[in-house]
Amino acid sequence: MTFDMARPAVRMTRWSRALLVALAGLSAALFVLAVSRRLAFPYELTIVEALQPLATARLLDGLPLYGAPTLEHIGPMYPPLSFLIDAGLARIFGLSLPLLRVVSILSTAGTVAIVYTVLRRRQAPPSIAAVCAAMVLAAHTRLGDVLDLARVDAPEMLFAVLGLAAAERAARPGAAEWPWTMAAAVALAAAVFTKQTALTVVGGACLALLAAGRIRSAARLGVLVTGIVAACGVALHVASDGWSTFYVFTLPGGQPILAQDLALSLGRLVFFFPAALASCGVVLWRLWRPTAPSRDLSVWEAALVLSVLGALVSNAKVGGADNVWAVVVPLAAIAIGQHWTASVPALSPRHLLFYPIVWQVAVLPHRPMADTPTAADAHAYQALVADLERLPRPLFNPMFPYESWLAGSEPSALLTQISDFEPGTPLWTELTTAITARRFATIIATDVSHPAFAGLETAYRARDTWTFRVPASSSAVRVFTRN
């Protein structure tokens with residue numbers, strides 16, 4: 001009797017692929033379901049989502065987006081490209097949070113499509129390309145739900161992968177290098193001018209070209225991106241009364257990176273983004289192992305390694321800000337899909353690569369789906385806006401500034417933005433002085449032990465307490481009025 005030793009491997013591969021495709025389909029379906037239930041909600045899904053419509057409203061009103069921070073307005077720490085895109089759409093369709101979420105949703109869809117297309121052009125079977133593309137959607141809840149929120153992260157992700165795709169195309173033999181290099185430079189500069197963390201992607205593209213011996217191409221791409229970003233940055237600095245002074249050099253407030261924070265950040269990479277970790281391991285193995293199939297770095301792999309290092313540092317500095325990993329996920333999906341196609345065509349549970357892919361594609365069991373608002377949430381916000389309309393003005397409301405804007409009041413800076421500044425800075429001095437002098441008729445505050453509200457109970461009296469259980473807040477806030 002003879003045994004066909006190939007049949008068990010083929011059978012395992014078939015079942016492995018079926019499992020991965022099923023998990024990928026589940027991830028995509030849950031993402032679509034969550035988005036469909038969240039898109040039309042007219043209020044914040046997270047407290048930081050208020051920043052996008054307020055910044056867009058200032059642009060529509062002809063007000064400067066950046067400038068010296070005040071209690072009424074603190075400019076975003078991010079460059080302005082996504083806000084300019086939002087303002088352009090809002091001039092046509094009207095300003096609303098659902099419209100701004102559409103920008104992120106379309107950006108996410110474009111990123112998923114690029115992941116799939118890049119892998120198919122590298123001869124990946126449709127099932128492999130689809131599974132890797134679904135990794136982006138599977139990471140939704142572990143990225144702070146930024147894939148559909150009105151945030152800068154999804155547009156940055158789209159511009160980054162567009163730029164890398166163009167850079168890869170420019171490096172192909174026989175390609176029209178100059179047009180593709182220019183397209184890559186414009187897209188990568190757009191990513192940087194959407195969010196500064198995209199600098200790691202630019203560095204990865206140049207590093208891959210250098211590793212391939214294309215020194216002139218790397219220099220050309222680096223010079224073009226640097227020139228575009230520098231020119232736009234100087235223009236922004238001049239037009240905005242010193243953007244770089246207040247929002248580049250002053251912030252963040254010099255928070256040190258502690259060993260514990262770095263360990264927690266590394267643990268997040270291991271547990272939540274194992275495909276990215278596995279991809280980095282594959283890249284290092286290919287570079288250091290003499291018998292590896294290839295020692296050439298793709299732009300995706302080089303950008304991935306630098307972006308993982310950047311995300312580890314950023315995550316350690318800002319705590320649990322999962323959105324810093326947004327660019328890492330599509331880069332890891334393409335890098336691992338390339339290795340899967342070229343080196344492990346018969347992926348099965350015998351391969352260590354199988355397990356991080358399964359874990360990444362599977363929706364993590366402790367949080368299977370993004371939070372979705374209910375009718376009660378909408379009613380709570382409606383009541384909040386009605387209450388704000390009746391409160392004595394001037395109103396200082398750093399907890400719900402978007403609702404203040406909806407109620408016809410001058411919005412305040414977000415408490416999370418105020419907290420970014422160190423105590424003793426001019427902004428904190430202005431706040432302390434305003435509370436002591438009772439400059440505001442009404443102040444809405446969180447826990448009064450927060451240092452931003454020092455002296456509040458002495459100068460004001462507590463008028464009311466509101467308890468919220470909505471997506472953006474799940475705690476009590478207190479209303480204070482002048483004595």
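Residues numbered from 1 in each chain as written. Predicted model: local features only at pLDDT ≥ 70, side-chain atom pairs only at ≥ 80, totals over all residues. Heavy atoms only, no water.

Focus on the overall build of the protein
No. 1: The helix and strand tally for the protein stands at 20 helices and four strands.
No. 2: Looking at the protein as a whole, 52% of its 483 residues are labelled buried.
No. 3: Sequence-distant contacts in the protein: of pairs separated by 6 or more residues, those separated by 24 or more amount to 72%.
No. 4: Working note: accessible area of the protein is about 20,800 Å², and carbon and sulfur atoms make up 65% of it. (Helix = DSSP H or I, 4+ residues; strand = E, 2+ residues; numbered from the N terminus. Buried < 20%, exposed > 50% of the residue type's maximum accessible area, 1.4 Å probe, protein only. Contact = heavy atoms within 4.5 Å. Areas by Shrake-Rupley, 256 points an atom, 1.4 Å probe, with all protein chains shown as cover.)

Points about the side chain of Ser 265
No. 1: One can find Ser 265 in helix α11 (residues 259-272).
No. 2: If near-sequence neighbours (up to four positions away) are discounted, Ser 265 is found in contact with Ala 311, Leu 312, Asn 315, Ala 316 and Trp 325.

Some thoughts on the packing of helix α4 (residues 97-121) against helix α5 (residues 126-138)
No. 1: Put simply, α4 and α5 touch, their axes get as near as 8 Å, and they point 150° apart. Here α4 is positioned roughly antiparallel relative to α5, judged by the angle of their axes. The chirality of how α4 crosses α5 is right-handed. Mapping the contact onto sequence places Thr 108, Val 112, Val 115, Tyr 116, Leu 119 and Arg 120 in α4 and Pro 126, Ala 129, Ala 130, Cys 132, Ala 133, Val 136 and Leu 137 in α5.
No. 2: Grouping the constituent residues of the contact of α4 with α5 by class yields 11 nonpolar, one polar and one charged. (Axes fitted to C-alpha atoms, helices over the stretch in contact; angles between N-to-C directions. Parallel < 35°, antiparallel > 145°, perpendicular 65-115°, else oblique. Left-handed = near helix turned anticlockwise from the far one by under 90°. Nonpolar A, V, L, I, M, F, W, Y, C, P; charged D, E, K, R; others polar.)

Quick notes on the confidence of the model for the protein
No. 1: Put simply, the protein has an average pLDDT of 85, and 90% of its residues get 70 or more.
No. 2: The element-level mean pLDDT for the protein is lowest in helix α10 (residues 243-249), coming to 59, with α4 highest at 96.
No. 3: pLDDT under 50 marks residues 1-12. Its contacts with residues more than four places away, or in other chains, come to four contacts. (pLDDT = per-residue confidence, 0-100.)

Quick word on unusual backbone geometry
No. 1: Pro 394 follows Arg 393 through a cis peptide bond whose omega is 0°.
No. 2: Relative to the assigned elements, Pro 394 resides in the loop between α16 (375-390) and β1 (395-396).
No. 3: Positive phi values are uncommon outside glycine, yet Gln 123 reaches one of about 70°.
No. 4: The exposed category is assigned to Gln 123, whose relative accessible area is 66%.

Observations regarding a nonpolar patch on the surface
No. 1: Taken together, the side chains of Trp 178, Met 182 and Val 186 make up a nonpolar region of the molecular surface, amounting to roughly 290 Å² of accessible area.
No. 2: With respect to the element layout, Trp 178 can be found in helix α7 (residues 177-192). (Patch = residues over 30% accessible without salt bridge, like charges linked within 9 Å, V, L, I, M, F, W, Y side chains within 5 Å. Salt bridge = Lys/Arg side-chain N within 4 Å of Asp/Glu carboxyl O.)

Notes on the environment of Ala 326
No. 1: Tracing the backbone through its elements, the reader meets Ala 326 in the loop between α13 (299-318) and α14 (328-343).
No. 2: Those residues in contact with Ala 326 that sit more than four places away from it in its chain are Leu 143, Val 146, Asp 153 and Met 157.

Digging into the pattern of salt bridges
No. 1: All told, the structure shown has 14 salt bridges when counted by the stated rule.
No. 2: With a shortest N-O distance of 3.5 Å, Asp 322 and Arg 142 are connected by a salt bridge. In this pair, Asp 322 sits in the loop between α13 and α14 while Arg 142 sits in the loop between α5 and α6 (153-170), placing the two residues 180 residues apart along the sequence.
No. 3: Arg 142 sits in the buried class, given a relative accessible area of 10%.
No. 4: Among the charged side chains, a network of salt bridges with common partners joins Arg 38, Asp 145 and Asp 148.

Considerations on the nonpolar core
No. 1: Among the nonpolar cores identified, the biggest contains 90 residues, and Leu 221, Phe 273, Leu 304, Trp 325 and Ile 357 are the most heavily contacted of them.
No. 2: With near-sequence residues (within four places) excluded, Phe 273 lies in contact with Ala 139, Arg 142, Leu 143, Arg 268, Trp 325, Val 329 and Gln 360.
No. 3: Ranked by size, the runner-up nonpolar core spans 41 residues in total, among them Ala 378, Ala 413, Leu 427 and Leu 431. (Core = buried A, V, L, I, M, F, W, Y, C linked by side-chain atoms within 4.5 Å.)

As for the packing of aromatic side chains
No. 1: A full pass over the atoms with the stated rule returns 10 aromatic pairs.
No. 2: On the numbers, 5.8 Å between centres and 70° between planes, the contact of Phe 41 with Tyr 43 is edge-to-face.
No. 3: Seen from their ring centres, Phe 271 and Trp 359 are 5.4 Å apart, and the 65° between their planes marks the pair as edge-to-face. Pair noted here: Phe 271 is in helix α11 and Trp 359 is in helix α15 (residues 354-361), with a separation of 88 residues, a long-range link.
No. 4: The partly exposed category is assigned to Phe 271, whose relative accessible area is 41%.
No. 5: Three or more aromatic residues link up through ring pairs in this structure, and these residues are Phe 41, Tyr 43, Tyr 381 and Phe 400.
No. 6: For the cation-ring pair, Arg 142 lies above Phe 272, with the distance from its terminal atom to the ring centre recorded as 4.1 Å. (Phe/Tyr/Trp six-rings, centres within 6.5 Å; stacked < 30°, edge-to-face > 60°. Lys NZ or Arg CZ within 6 Å of the ring centre and 35° of its normal.)

Observations regarding the packing of helix α8 (residues 199-211) against helix α9 (residues 215-239)
No. 1: Across the interface, α8 lies against α9 with an axial gap of 7 Å and an inter-helix angle of 160°. Here α8 is positioned roughly antiparallel relative to α9, judged by the angle of their axes. Our pair here, α8 against α9, has a crossing hand that is left-handed. Of α9, the residues touching α8 (which contributes Val 202, Ala 205, Cys 206, Leu 209 and Leu 210) are Ile 215, Ser 217, Ala 218, Leu 221, Gly 222 and Val 225.
No. 2: Taken together, the residues of the contact of α8 with α9 sort by class into nine nonpolar, two polar and no charged.

Let's talk about the sheet that holds strand β2 (residues 442-445)
No. 1: Spatially, the four strands line up as an open sheet ordered β1-β2-β4-β3, and their pairing is mixed. Edge positions in the sheet fall to β1 and β3 (460-467), since each has one partner strand and no second.
No. 2: Here two bridges tie β1 to β2, and the two strands are oriented parallel to one another. Each bridged residue has a counterpart across the sheet, and for Phe 396 the counterpart in β2 is Ile 443. (Pairing = 2+ DSSP bridges.)

Comments concerning the environment of Leu 51
No. 1: Positionally, Leu 51 belongs in helix α2 (residues 51-60).
No. 2: C-alpha of Leu 51 to C-alpha of Pro 401: the two residues are 350 residues apart in sequence and 8.8 Å apart in space.
No. 3: What Leu 51 contacts, discounting residues up to four positions off in sequence, is Pro 76, Leu 414 and Gln 417.

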